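Coordinates in review
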Amino acid sequence: MTSAFARAESLTIRHVGRKRPALRDLDFAWEEGERLLLLGPSGAGKSTLALCLDGVIPHALDAHWESGRLTVNGRDTRSASLAELTQEVGVLFQDPETQLVMLETDDEIAFGLENLGLPRDEMAERIVEARASTGLGPATPRRLDALSGGTKQRVALASLLAMRPRALVLDEPTANLDPIGAREVITAVAALAIRRERSFLVVEHRLDPLLRFIDRVAVLGDDGRLALAGDPETVFMRRADELDRLGVWQPELAELARLLGAEEMPGDVDEAADLLIDRWPRGASAPREAHVPGRITVAARGVAHRYRGDDRDAVTGASLELHEAEISAIVGANGAGKSTLGLLLAGVLRPSRGMVDATADVAYVFQYPERGFLAATVRGEMRYAATTGRQIARDPDVLLERFGLARLAEANPHSLSHGEKRRLSVASALVTSPAVLILDEPTFGQDLRNTRELMTILREERDRGTTVVLITHDLSLVAELADRAVAMSEGRIGFDGTPAELFARADLARFGLALPPVADAFARAGARDSSISPVTGLGAAREALASRELVRL
Amino acid sequence: MNVLARRDPAVKLAVTLAISLVLLFVIDPVTPLLFLAVAIAAAVAGGARLSTIVRALVPLSVLGIGFVWSNAVFAATHEPPTWTIGPFHATEAGLRFGLAIALRGLAIGMLSLAFVWTTDPTDLVVSLIRHAHLPFRIGYPLLAGYRFLPFFADEYAQVRIARRVRGSVARGPFGRIREATGELVTLLSDATRRATRIAIAMDARAFAGARERTYWREAPLTLGDLVFVIVAIGFVAGLLAFSGAMGWLRLWDGHFSA
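Residues numbered from 1 in each chain as written. Chains lettered and ligands numbered in written order. Predicted model: local features only at pLDDT ≥ 70, side-chain atom pairs only at ≥ 80, totals over all residues. Heavy atoms only, no water.

Digging into the overall build of chain A
Assigned secondary structure in chain A consists of 20 helices and 19 strands. Taken against the 2.2 N^0.38 rule, which gives 24 Å for 553 residues, the C-alpha radius of gyration of chain A at 24 Å falls within 12% of a compact globule. For chain A, the spread of C-alpha atoms along the three principal axes comes to 70 × 60 × 50 Å. Counting only residues that meet the buried cut, chain A has 59% of its 553 residues in that class. Counted over contacts in chain A with a minimum sequence separation of 6, partners at least 24 positions apart contribute 68%. Roughly 21,600 Å² of accessible area belongs to chain A as shown, and the carbon and sulfur atoms make up 48% of that amount. (Helix = DSSP H or I, 4+ residues; strand = E, 2+ residues; numbered from the N terminus. Rg over C-alpha atoms; globule rule 2.2 N^0.38 Å. Buried < 20%, exposed > 50% of the residue type's maximum accessible area, 1.4 Å probe, protein only. Contact = heavy atoms within 4.5 Å. Areas by Shrake-Rupley, 256 points an atom, 1.4 Å probe, with all protein chains shown as cover.)

If you want it as structure tokens, here you go:
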């Protein structure tokens, strides 16, 4: 036996009601004290592994344990008790709303301790300790419903830490947060990881802020098997092609380093800036795409909207013109009014003041697509528009093929995976060939493959002349895809211009935004060496390099 | 914290239920009015603002007027009608009985609100678990569900918007029923997903394995709670005795007629 903290031996787990196993013949070791990054495409079994490690499978959630075994700290998880296992491994889940149980912070932190049967004075001690290590000071509101998403997630983290687990599993802990909330959680996690007091297993796709704290990367393939593993530099710098084929997210900074022909992976944006100063060809900048806006399709003039029962406007004084053949991104913090503005532009909500003129038909794709499902089959969903008297302009079967949904045509829409639901909602919106397509958080919870496919489709739509509007937190997506960025804060449009102009603003934080990694590296390099001009993202960096020779040292 | 908010929630709940039960047997209009006055006084003592109390009384009163009307006009009495309003004949006994029911509803409603306004939901659940043998495996999921309530209203609004955008329209009564069913199914599947996730998160913190569970929140039964119970009994007995002495009190004798 080695010192592995957790070890899976040909582990095969199948969820109830599923044909395919979520994990298949998985052989996997997680060393004591190791900070392990677990990657894999959607549906590769990452969350299933997390649930097995803390004993929820098989002790609380029914699943078919088809073969193999899993040991945690030398104990077989099937014979150890749930209480023992939860003190070995704590799991932080994606959504703060569905992992908080209580109404107040201290009760929440105490919940797990109560289940362990700890005496009250020990709980008091541990609550103080857990609050301190997650930065929950006396100024943190007592009631959980008064907290931001990032702070709620820190409360969830504190309530795990209070149980003093030897290891932590973080299952996409920032996926549901806006950039500021994500940064808040990553800072808290980094502070823990840097002390190396416990083992960490992280499932995440915003990889750049984590690079410094990762000892090893393990990648699960589509089939639930371990596809590759190694130290981050080997995996991200030398086996990137395999990662690409598997469709998993990669750190942008590693991709930038590879573009620059570097061997070593930068550990953070400052190291990436060093690399740029060494290697970036001076004078290289992305050829400015001359974006010529077409005819106006939707115009909003001074619109405001207030939801019933609210005491302030969700959107106020917003004026905006959308054009043909243009991709606009509406960005801002949670609660800034992005979705409300989108719904106003789509004519779904009526403005309380001002007016919206749409000269064309508008389709809207919601963040939670299942809420709009109306038919019993995927094909029925595609043809639904016809039953409401609208014209089906494109062949639904061709679209299903295009979106990789053809084999699911007869399935119930609600039975699809999150990624499939999302694609179905976009496909069914395109069926009428709308002149304006508005998408709320289109990349939320999508893996790299799906995101890339969606980006290709949206570019094609733009080239056909469609007005595309993205409502998003993902500034890397904005950098790659958008012609125009509209930033909101507190219901108002505070900025309207190109993504490059937005990124150049010093007051990004006012919109709850933070520079994406590549733009950040360029900004830092530019601050030290003025001959390096700003670049928004990987796509722009690639274009800038295409015409120039790399400076070889 | 005021004197009512400091009382143990389980004790307070028991007292509220007991008084409500007693009121169910009172069929004259004056006695419930006395209890209503006491309930309002309790709400005020519990820190409720007068405007809040008035706003709560309005819907209860509307309901009450309905009771008065239906009993006054439709109650099975043998008396000749006292008033005639258009085609309706009202009897005095029916009116009195209707008033009794309406005021009884107001009194019980106000007592319940005084309870809700002065009780912290977490304290209530913990106290019920520790003093009223509520299984904690029921109590905590209830609390988790309580957190969801505000989300439901929100989600319902979003489901409606999402369906409207897709072009779902309710035409005619059957269309409306179909639309409502569709909305409900979507809401339920959302709720199920949420509930599953939260159950997993609870078990990931050893909820399923808990045996000798301890509690962070204390729920001590104090001398104050005992005094509260005695005072409450005293009030009920006193009010009933007073009402009886004045000749107002009438108790239900087991017959369904005025």
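Anyway, onward from the coordinates.
A word on the interface of chain A and chain B
How big an interface is tends to be reported as the loss of accessible area on association of its parts. Residue-level contacts link 53 residues of chain A with 46 residues of chain B. With both sides pooled, the region where chain A packs onto chain B buries about 4,500 Å², and carbon together with sulfur makes up 58% of that total. At the junction of chain A with chain B, the criterion picks out 10 salt bridges. For B:E155, the salt bridge identified is with A:R371, shortest N-O distance 3.5 Å. Where chain A meets chain B, there are 21 residue pairs in polar contact (both at pLDDT 80 or more). The set of elements that each furnish at least two residues to the side of chain A that touches chain B consists of α3 (82-88), α4 (105-115), α5 (120-133), α6 (149-161), α13 (378-387) and α15 (418-430) of chain A. (Buried area = accessible area lost by both parts, 1.4 Å probe. Salt bridge = Lys/Arg side-chain N within 4 Å of Asp/Glu carboxyl O. Polar contact = N/O pair within 3.5 Å; in protein donor to acceptor, adjacent residues only side chain to side chain.)

With respect to the packing of helix α1 (residues 9-24) of chain B against helix α5 (residues 121-131) of chain B
Each pair of packed helices can be summarised by the angle the axes make with each other and by the distance between the axes. All names here are of chain B. α5 packs onto α1 with a crossing angle of 85° between their chain directions and a minimal axis gap of 7 Å. In terms of orientation, α1 and α5 fall into the roughly perpendicular class. Where α1 approaches α5, its residues P9, A10 and L13 are matched on the opposing element by D123, L124, S127, L128 and H131. Tallied by class, residues from the contact of α1 with α5 come to five nonpolar, two polar and one charged. (Axes fitted to C-alpha atoms, helices over the stretch in contact; angles between N-to-C directions. Parallel < 35°, antiparallel > 145°, perpendicular 65-115°, else oblique. Nonpolar A, V, L, I, M, F, W, Y, C, P; charged D, E, K, R; others polar.)

Concerning the sheet that holds strand β11 (residues 296-305) of chain A
All names here are of chain A. Taken together, the three strands give an open sheet; going across it, the order is β12-β11-β14, and neighbouring strands pair in antiparallel fashion. Looking at the sheet topology across the chains shown, the edges are occupied by β12 (315-323) and β14 (353-358). The average angle at which neighbouring strand axes cross in this sheet is 10°, direction not considered. Running at roughly 55° to β12, helix α12 (residues 338-345) makes contact with β11, β12 and β14 of the sheet. (Pairing = 2+ DSSP bridges.)

Overview of the domain arrangement of chain A
Residue and element names in this part refer to chain A. For chain A, the assigned domains are domain 1 (4-242), domain 2 (251-291 + 514-553) and domain 3 (296-513). Look at where the C-alpha atoms of domain 2 and domain 3 centre, and you get two points 30 Å apart. Contacts between the two partners involve 12 residues from domain 2, matched on the other side by 14 residues from domain 3. Counting the surface domain 2 buries against domain 3, the share from its top three residues, H291, A514 and T536, is 49%. (Domains from an automatic or database assignment.)

Details of the side chain of B:E155
One can find B:E155 in helix α6 (residues 136-166). Its relative accessible area of 4% is what places B:E155 among the buried residues. Residue contacts for B:E155: discarding those within four places in its chain leaves A:R371, B:L187, B:D190 and B:R194.

Considerations on the nonpolar core
Residue and element names in this part refer to chain A. With 77 residues, the main nonpolar core has L37, L157, F236, L256, L276, W280 and F522 as its most contacted residues. Counting residues per element, this core draws most heavily on helix α7 (residues 179-193), at seven residues. When we break this core down by domain, the ones giving at least three residues each are domain 1 (4-242) and domain 2 (251-291 + 514-553). Discounting chain neighbours no more than four positions away, the residues touching F236 are L37, L39, L207, L211, V217, L243, P251, A254, R258 and M265. (Core = buried A, V, L, I, M, F, W, Y, C linked by side-chain atoms within 4.5 Å.)

Digging into the packing of α1(B) against helix α4 (residues 92-117) of chain B
All names here are of chain B. Direction vectors running N to C along α1 and α4 enclose 180°, while the axes themselves pass 10 Å from each other. Here α4 runs roughly antiparallel to α1, going by the angle between their axes. Here α1 contributes P9, K12, L13, T16, I19, S20, L23 and L24 to the contact with α4, which in turn contributes R104, A107, I108, L111, S112 and F115. Considered class by class, the residues forming the contact of α1 with α4 number nine nonpolar, three polar and two charged.

Side note on the sheet that holds strand β9 (residues 216-220) of chain A
Residues and elements named next belong to chain A. The strand order across the open sheet built from six strands is β6-β7-β8-β3-β9-β10, with neighbouring strands paired in mixed fashion. Here the strands that pair on one side only, and so sit at the sheet edges, are β6 (89-92) and β10 (226-230). Strand-to-strand twist in this sheet, taken as the mean axis angle between neighbours without regard to direction, amounts to 15°. As paired strands, strand β7 (residues 167-171) and strand β8 (residues 199-203) are joined by five bridges and run parallel to one another. Within β8, the residue paired with L170 across the bridge is V202. Taken strand by strand, helix α1 (residues 46-53) contacts β3 (35-39), β6, β7, β8 and β9, and its axis lies near 150° from that of β7. This element, α6, spans β6 and β7 of the sheet and lies at about 170° to β6.

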